[in-house]
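# Structure at a glance
If you want the building blocks of each chain, they are given just below.
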Amino acid sequence: LVPELGYLTFFGEEFCFSKSPYVIQANLFKLNPPYGMNSLFCQLSKALKDQTNQAGAQLFGIEHDTSTNPQPCVDGRSRQQFAFEYIRGIWNTYPDTPKFAFLNSLAAHDYSVDLAYQSLGIEAYDEYLSDFLEEMLQRPDANNTIIVLRSDHGLQGGPSPIDFSTQVEHMYPFNNLIVPNTFRGSSWWIENLFSNQDKLVTGYDLYNTLRGILAPRLKDGGGPAKLNINGYNSGIPEWSYDLLAQKVPEDRTCEDAKIPVEFCPCMEERTDLMPHFYVGHAEKLSERQNITLKRNGEGKFEPLMVPGRKKQL
């Protein structure tokens, strides 16, 4: 839909996603954006695969590096810097063309069993993201650019799900919109956006919102133009909300928002917070690293010594 509306598009993943079961884009439906990162990361994966003699490994499963230790590297930069540079280049090269860029970062997917290092990747990524946002918000076209920062879950991986705070965080993905106050030449939508900031919203609501943002407007400031594009008005769930044009009800429940119980962040609607698809995951990783999880007399796990630290968990 976006290309048909005249937008120049970019789709980025920070790994080679060809044949990957974890990325449905381009695997289950057609996706041919003019700009993307897959070719770059597939070449890096192929080179690393040859260097490390991983003959039977799929390219999407080849680990490249971490933000703090880019190895192998290109020009001494981490792979997590490449996409930002690519997007900057697109914005600089096509200043007068509408642009739509989607980037999926893997910074919150650190599966290191060593807890001492698990947060370093996201900490380094914070610096890259901060620099990128600061630059984008100072550009002349910042008053005509909307930036969405979101996640599909909190930090996960490794033995972290054993920790209750991680289980709680995993159920609370974040969703942030940076919208210029001159959007559409007025500020009528600001009240709605502020009203919705503490409400229960989902990716369906964000999709509804983006569809509203992308809709072409008549020059006289009227409503969206009527377009003869197949499927243009389809795909928006009737139970979702446009976060700029509508107010989400205070009493909205996970059932109302079509959120499965196992992913619901509302305490009163679920019996536990454990990410169900991680049950037993931490124990398996611990066994792989020869770490024994022992229970004390109260049935609780005894503290673990974090590698490299003189401190118990």
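Rules behind the numbers
Residues numbered from 1 in each chain as written. Predicted model: local features only at pLDDT ≥ 70, side-chain atom pairs only at ≥ 80, totals over all residues. Heavy atoms only, no water. Pairing = 2+ DSSP bridges. Helix = DSSP H or I, 4+ residues; strand = E, 2+ residues; numbered from the N terminus. Contact = heavy atoms within 4.5 Å. Axes fitted to C-alpha atoms, helices over the stretch in contact; angles between N-to-C directions. Patch = residues over 30% accessible without salt bridge, like charges linked within 9 Å, V, L, I, M, F, W, Y side chains within 5 Å. Areas by Shrake-Rupley, 256 points an atom, 1.4 Å probe, with all protein chains shown as cover. Salt bridge = Lys/Arg side-chain N within 4 Å of Asp/Glu carboxyl O. Lys, Arg positive; Asp, Glu negative; His and termini not counted. Charge placed at Lys NZ, Arg CZ, Asp CG, Glu CD. Buried < 20%, exposed > 50% of the residue type's maximum accessible area, 1.4 Å probe, protein only. Phe/Tyr/Trp six-rings, centres within 6.5 Å; stacked < 30°, edge-to-face > 60°. Lys NZ or Arg CZ within 6 Å of the ring centre and 35° of its normal. Parallel < 35°, antiparallel > 145°, perpendicular 65-115°, else oblique. Nonpolar A, V, L, I, M, F, W, Y, C, P; charged D, E, K, R; others polar. Core = buried A, V, L, I, M, F, W, Y, C linked by side-chain atoms within 4.5 Å. Polar contact = N/O pair within 3.5 Å; in protein donor to acceptor, adjacent residues only side chain to side chain. pLDDT = per-residue confidence, 0-100.

This paragraph deals with the sheet that holds strand β1 (residues 8-13). Pairing between the strands of a sheet is mediated by backbone hydrogen bonds and can be parallel or antiparallel. Strand order in the open sheet made by the 3 strands is β2-β1-β3, with parallel pairing throughout. Among the strands making up the open sheet, the edge pair consists of β2 (35-36) and β3 (99-104). One ladder, built from 2 bridges, connects β1 with β2; its direction is parallel. Its bridge partner lying in β2, Phe11 is registered against Gly36. Where helix α2 (residues 79-93) meets the sheet, it contacts β1, β2 and β3, and its direction lies at approximately 180° from that of β3.

Looking now at a negative patch on the surface. A surface patch of negative charge is lined by Glu123, Asp126, Glu127, Asp131 and Glu134. Tracing the chain through its elements places Glu123 in helix α3 (residues 120-137). What makes Glu123 partly exposed here is its relative accessible area of 44%.

Per the stated rule, a full pass over the model turns up 10 aromatic pairs. Taking 5.6 Å as the distance between ring centres and 50° as the angle between the ring planes, the aromatic pair formed by Phe10 and Tyr86 counts as tilted. Residue Phe10 is located in strand β1, and its partner Tyr86 is located in helix α2; the two are separated by 76 residues in the primary sequence. Given the relative accessible area of 3%, Phe10 is considered buried. Among the aromatic side chains, those forming a connected cluster through ring pairs are Phe10, Tyr35, Tyr86 and Tyr94. A cation sits over an aromatic face here: Lys99 above Trp91, 5.2 Å from the ring centre.

Moving on to the packing of α2 against α3. When two helices pack together, their arrangement is given by the angle between the helix axes and the distance between those axes. Remark: α2 packs on α3, axes separated minimally by 10 Å, with the N-to-C direction vectors making an angle of 10°. By the angle class used here, α2 and α3 are roughly parallel. Residue-level contacts link Gln80, Gln81, Phe84, Ile87, Arg88 and Trp91 of α2 to Gly121, Tyr125, Tyr128, Leu129, Asp131, Phe132, Glu135 and Met136 of α3. Looking at the contact of α2 with α3, its residues break down into 8 nonpolar, 3 polar and 3 charged.

Turning to the nonpolar core, a few remarks are in order. Counting residues in each nonpolar core, the largest one holds 20 residues, and the members touching the most others are Met37, Phe41 and Phe132. For this core, the secondary structure elements donating two or more residues are β1, α1 (38-51), α2 and α3. Tallying contributions element by element places α2 first for this core, with 6 residues. In terms of nonpolar packing, the next biggest core, distinct from the first, is built from 8 residues, Val179, Phe183, Ile213 and Leu244 among them.

Our focus in this paragraph is the side chain of Arg88. Mapped onto the elements, Arg88 comes out in helix α2. Of the polar contacts made by the side chain of Arg88, one reaches the side chain of Glu135; its length is 2.6 Å. Ignoring anything within four residues of it in the chain, the contact list for Arg88 reads Asp131, Phe132 and Glu135.

What follows is about the confidence of the model for the chain. Of the residues in the chain, 68% have a pLDDT of 70 or more, and the chain-wide mean is 76. Strand β4 (residues 147-150) holds the highest mean pLDDT among the elements of the chain, 93, whereas helix α7 (residues 281-288) holds the lowest, 48. Scored below 50 in pLDDT, residues 303-313 makes 20 contacts in the model with residues more than four places away or belonging to other chains.

Okay, the pattern of salt bridges next. One pass over the full model with this rule turns up 5 salt bridges. Close ionic contact of Asp50 with Lys46 constitutes a salt bridge, the shortest N to O distance being 2.7 Å. In this pair, Asp50 and Lys46 are both assigned in helix α1, 4 residues apart and thus about one turn of the helix distant. You can call Asp50 partly exposed: its relative accessible area is 44%. Note that Arg252 is salt-bridged to Asp205, the shortest N-O span being 2.8 Å. Here Arg252 is found in the loop between α6 (203-214) and α7, whereas its partner Asp205 is found in helix α6, with 47 residues between them in sequence.

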